[in-house]
Amino acid sequence: YNALIYLAEGPYFELLGSTGMPRFAKRLFRLFGNRGFIDRLDAWDAAEEGLIGLALENDRLDIDEEQKILDQANLTYMKGRSGRTDAKGRKIRFRGIFPDDMQLPILSSTFNVNVRPPEGYVHANGAKRIKRVAFGTREELMPVMRSLCDDEGLTLFVGEGVKDVEFEYAETSADSPSAG
């Protein structure tokens, strides 16, 4: 259903073919009051190809601080544990918060195992890391977003969703100051 594209540092991409959640499971979630969560999954399943969402991953195994921020702002969400088995057969586990308001990103703990490539890794296309992500939300959610993420690589604007991703590329021999 999905694949993760990690770079040696910074954010990563998750390519999502579909959420993979069957309709009957979505109905059960709705019955138990998780409408916002299922609305998000439905939006992803119906989305056209392209950037459809943002997740903020912390560097801890818990998401308690993020939960406090949402609670203080009186925002509703679904909290849970999730996981997957990666291509190397490792059991990847994390904790997540799915805000009901789709103008907020998903919030996630770090994974229980290090899934990043080694330091200095450069993707086949030359990318070293994601340098900047532009994310749009409503004006009244800006303070919440700033409390959730102080990373300089996240640029907030009044709008809706991810609009731009900027990469940092490794120097090639032609770009190198010693070349030429």
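Note on numbering: residues in each chain are counted from 1, in written sequence order. With pLDDT at 70 or above as the cut-off, local features in this predicted model cover only qualifying residues; side-chain atom pairs require 80 or more to be listed or tallied, and sums for whole chains, interfaces and linings still use all residues. Where side-chain values are given, they derive from all heavy atoms of the structure, hydrogens and water being excluded.

Engineer: Help me out: how do you make sense of a nonpolar patch on the surface in this one?
Structural biologist: A grouping of F24, L28, L31 and F32 is seen on the molecular surface, where their side chains present a nonpolar patch of about 520 Å² in accessible area. In DSSP terms, a helix is any run of H or I states spanning at least four residues, a strand is any run of E spanning at least two, and both are numbered starting from the N terminus. Residue position: L31 is located in helix α1 (residues 23–31). Patch building starts from residues that exceed 30% relative accessible area and form no salt bridge, then joins like charges within 9 Å and nonpolar side chains (Val, Leu, Ile, Met, Phe, Trp, Tyr) within 5 Å. Working definition of accessibility: Shrake-Rupley area with a 1.4 Å probe, residue cover restricted to the visible protein chains. Whenever a carboxyl oxygen of Asp or Glu lies within 4 Å of a side-chain nitrogen of Lys or Arg, that contact is scored as a salt bridge.

Engineer: It is not clear to me how the sheet that holds strand β6 (residues 106–108) should be interpreted in this structure. Could you clarify?
Structural biologist: Backbone hydrogen bonds hold the strands of a sheet together, and the pairing may be parallel or antiparallel. When DSSP locates at least two bridges between a pair of strands, those strands are taken to pair. In spatial order, the strands read β3-β6-β5-β4; together these four strands make up an open sheet with mixed pairing. Of all strands in the sheet, those with a lone pairing partner are β3 (55–57) and β4 (77–85), marking the two edges. Strand-to-strand, the axes of this sheet are offset by a mean angle of 25 degrees, without reference to chain direction. With three bridges joining them, β3 and β6 adopt parallel strand pairing. Each bridged residue has a counterpart across the sheet, and for E57 the counterpart in β6 is S108. Pairs of residues are marked as contacts when any of their non-hydrogen atoms sit within 4.5 Å. Only the stretch in contact is used when fitting a helix axis, every axis being a line fitted to C-alpha atoms; angles between N-to-C directions are given from 0 to 180 degrees. Packed onto the sheet, helix α3 (residues 64–72) meets β4, β5 (91–99) and β6 and runs at close to 155 degrees relative to β4.

Engineer: Honestly, the packing of α1 against helix α2 (residues 35–46) in this entry has me stumped. Any pointers?
Structural biologist: Two measures define how a pair of helices packs: the angle their axes make with one another and the distance between the axes. Packing of α1 against α2 brings their axes to within 8 Å, and their N-to-C directions diverge by 150 degrees. In terms of their interaxial angle, α1 and α2 are classed as roughly antiparallel. Here α1 contributes K26, F29 and R30 to the contact with α2, which in turn contributes R35, F37, I38, D39, L41, D42 and D45. When the residues that make up the contact of α1 with α2 are grouped by side-chain class, the tally is four nonpolar, no polar and six charged. In what follows, roughly perpendicular refers to angles from 65 to 115 degrees, roughly parallel to angles under 35, roughly antiparallel to angles over 145, and oblique to any angle outside these ranges. In this classification, the charged set is Asp, Glu, Lys and Arg, the nonpolar set is Ala, Val, Leu, Ile, Met, Phe, Trp, Tyr, Cys and Pro, and all remaining amino acids, among them Gly, are polar.

Engineer: Help me out: how do you make sense of the pairing of β5 in this one?
Structural biologist: As a general feature of sheets, a regular strand has side chains that alternate between the two faces. Bridge count for β4 against β5 is nine bridges, and the pairing is antiparallel. Within the sheet, the bridge partner assigned to M78 lies in β5 and is F98. Between the end of β4 and the start of β5, which pair antiparallel, lie five residues, with G89 showing a positive phi angle near 85 degrees. Hairpin geometry of β5 and β6 is characterised by an intervening segment of six residues between the two adjacent antiparallel strands.

Engineer: Quick question: what am I supposed to make of the sheet that holds strand β8 (residues 154–158) here?
Structural biologist: The three strands are arranged β8-β7-β9 in an open sheet whose pairing can be described as mixed. Since the sheet does not close on itself, it has two edges, and those belong to β8 and β9 (161–169), each with one partner. Each strand axis lies, on average, 20 degrees off the axis of its neighbour in the sheet, ignoring direction. Both strand β7 (residues 127–137) and β9 contribute to a ladder of eight bridges, which runs antiparallel. Directly across from A127, in β9, lies its bridge partner Y169.

Engineer: Help me understand the pattern of salt bridges in this model?
Structural biologist: Pairing between side chains of opposite charge can happen when the charged atoms of each approach one another. Scanning the entire structure with this criterion turns up 17 salt bridges. Measuring nitrogen to oxygen at the nearest pair gives 3.9 Å for the salt bridge that ties K79 to D64. A residue pair is termed long-range when its members are at least 10 positions apart, and K79 in strand β4 and D64 in helix α3 qualify at 15 residues. Burial classification: accessible surface area is computed with a 1.4 Å probe over protein chains only, and a residue below 20% of its type maximum counts as buried, one above 50% as exposed, and the rest as partly exposed. On the basis of relative accessibility, which here comes to 38%, the residue K79 falls in the partly exposed class.

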